[in-house]
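Understanding the architecture of this molecule
The chain contents come next:
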Amino acid sequence: AAFFGFLGAASALVFANMGAAYGTAKSGVGIASMGVMRPELVMKSIVPVILAGVLGIYGLIIAVLISIGIAPPYYLFDGYAHLAAGLACGLSALAAGMAIGIVGDAGVRANAQQPKLFVGMILILIFAEALALYGLIVGIILTSNAGSSRDG
């Protein structure tokens, strides 16, 4: 049963970091490309990289919460709850990272040509980040449900 708990912790961290890496790389390419012509906008355009980096923290939080919860007696219910928590958080962060990377890449390039697009880009990035936040919240709830099979 502990196998599923450890798998949940690993999947939360791995998938969240994959999303963070993709978001950072994809938006970083856009920043580098845009920075050649408009170097004064590079620091203003770093927002997508920061938001992508936060995704890895979400996975780390769930992985730590799951790891703390793995202690005897550990039932199959707990393992499944921890696996579901890890997958919910990790895959949500992966999807959010892909969205942040694509929006960040296109957004910083567009912002270099039309500065009025900055607020719109930030709003889209916030809503993309919210997808991972939903996964984190569900992961926390599922992690707190582990152990409830013994209470009854």
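Everything numeric in this text was worked out from a predicted model, so none of it was measured. Going along each chain's sequence as written, the residues are numbered from 1 onward. Where totals are concerned, whole chains, interfaces and linings use all residues; where local detail is concerned, this predicted model gives features only for residues with pLDDT of at least 70, and gives and counts side-chain atom pairs only at 80 or more. To get the side-chain values, take all heavy atoms of the structure and skip hydrogens and water.

Next up on the list: the overall build of the protein chain. Looking only at helices and strands, one finds 4 helices and 0 strands in the protein chain. Put simply, DSSP marks the helices as runs of H or I at least four residues long and the strands as runs of E at least two long, and each gets a number from the N terminus on. Put simply, the protein chain runs from its N terminus to its C terminus through helices and strands in the order α-α-α-α. Expressed as lengths along the three principal axes of its C-alpha atoms, the size of the protein chain is roughly 60 × 20 × 15 Å. For the protein chain, with 152 residues in total, the buried portion stands at 41%. Only heavy atoms enter the contact rule, under which two residues are in contact if any of them lie within 4.5 Å. Considering only residue pairs separated by 6 or more positions, the protein chain has 85% of its internal contacts joining residues 24 or more positions apart. Accessible surface, the protein chain as shown: approximately 7,600 Å² in total, 77% of it carbon and sulfur. Each residue is assigned to one of three classes by its accessible area relative to the maximum for its type, calculated with a 1.4 Å probe on protein chains only: buried under 20%, partly exposed between the two thresholds, exposed over 50%. In this description, accessible areas are obtained by the Shrake-Rupley approach with a 1.4 Å probe, and a residue is regarded as covered only by the protein chains that are shown.

Moving on, we get to the nonpolar core. Grouped together as the largest cluster of nonpolar side chains are 27 residues, with contacts concentrated most on L55 and I100. If you list the elements that add at least two residues to this core, you get α1 (2–37), α2 (47–69), α3 (76–113) and α4 (118–145). The contact partners of I100, leaving out residues within four places of it in the chain, are P48, L51, A52, L55, L125, A128 and E129. The nonpolar core is taken to be a set of buried Ala, Val, Leu, Ile, Met, Phe, Trp, Tyr and Cys residues, with the residues joined through side-chain atoms within 4.5 Å.

Okay, the environment of D78 next. As for its position among the elements, D78 is in helix α3. Note on D78: relative accessible area 1%, which makes it buried. Spatially, the C-alpha atom of D78 lies 9.7 Å from that of S144, the residues being 66 residues apart in sequence. Non-local contacts of D78, meaning those with residues more than four positions away in its chain, are made with P73, A146, G147, S149 and R150.

Packed helix pairs are characterised by how far apart their axes lie and by the angle those axes make with each other. Closest axis-to-axis distance for the α3/α4 pair is 8 Å, and the angle between their directions is 175°. Between α3 and α4, the angle falls in the class roughly antiparallel. Grouping the amino acids of the contact of α3 with α4 by side-chain chemistry returns 22 nonpolar, 9 polar and 1 charged. Where helices are involved, their axes are fitted lines through C-alpha atoms of the stretch in contact, as for all axes, and angles between N-to-C directions lie from 0 to 180°. Angles are sorted into four bins: roughly parallel if under 35 degrees, roughly antiparallel if over 145, roughly perpendicular if 65 to 115, and oblique for all others. Gly counts as polar in this scheme, as do all residues outside two lists: the nonpolar Ala, Val, Leu, Ile, Met, Phe, Trp, Tyr, Cys and Pro, and the charged Asp, Glu, Lys and Arg.

Expected span of a helix, by definition, is 1.5 Å for each gap between consecutive residues, and there is one gap fewer than residues. Given a rise of 1.5 Å per residue, 23 residues ought to cover 33 Å, and the 34 Å separating the end C-alpha atoms of α2 matches this to within 8%. Within the sequence span of α2, burial applies to P48, L51, A52, L55, G56, Y58, G59, I62, A63 and I66. If you follow the buried residues of α2, they end up packed against α1, α3 and α4.

Relative orientation of the contacting elements α2 and α3 amounts to 175°, with a least axis distance of 9 Å. By the angle between their axes, α2 is roughly antiparallel relative to α3. Facing P48, L51, A52, L55, Y58, G59, I62, I66 and G69 of α2, the residues of α3 in contact are H82, A85, G86, C89, A93, A96, G97, I100, G104 and V108.

Each salt bridge in this description consists of a side-chain nitrogen of Lys or Arg and a carboxyl oxygen of Asp or Glu lying within 4 Å of one another. One pass over the structure, following the stated rule, counts 3 salt bridges. The partner of K26 in a salt bridge is D105, with the nearest N and O atoms 3.5 Å apart. Of this pair, K26 sits in helix α1 while D105 sits in helix α3, placing them 79 residues apart in sequence. Overall, the relative accessible area of 30% leaves K26 in the partly exposed class. A salt bridge links D105 to R109; the shortest N-O distance between them is 2.7 Å.

Counted at 1.5 Å a residue, the expected span for α4 with its 28 residues is 40 Å, and the 41 Å between its end C-alpha atoms agrees. When we look at burial in α4, the residues that qualify are F118, M121, I122, L125, A128, E129, A130, A132, G135, L136, G139 and T143. Buried positions along α4 lie against α2 and α3. Once α4 ends, the next one or two residues include G147, with phi positive near 95°.

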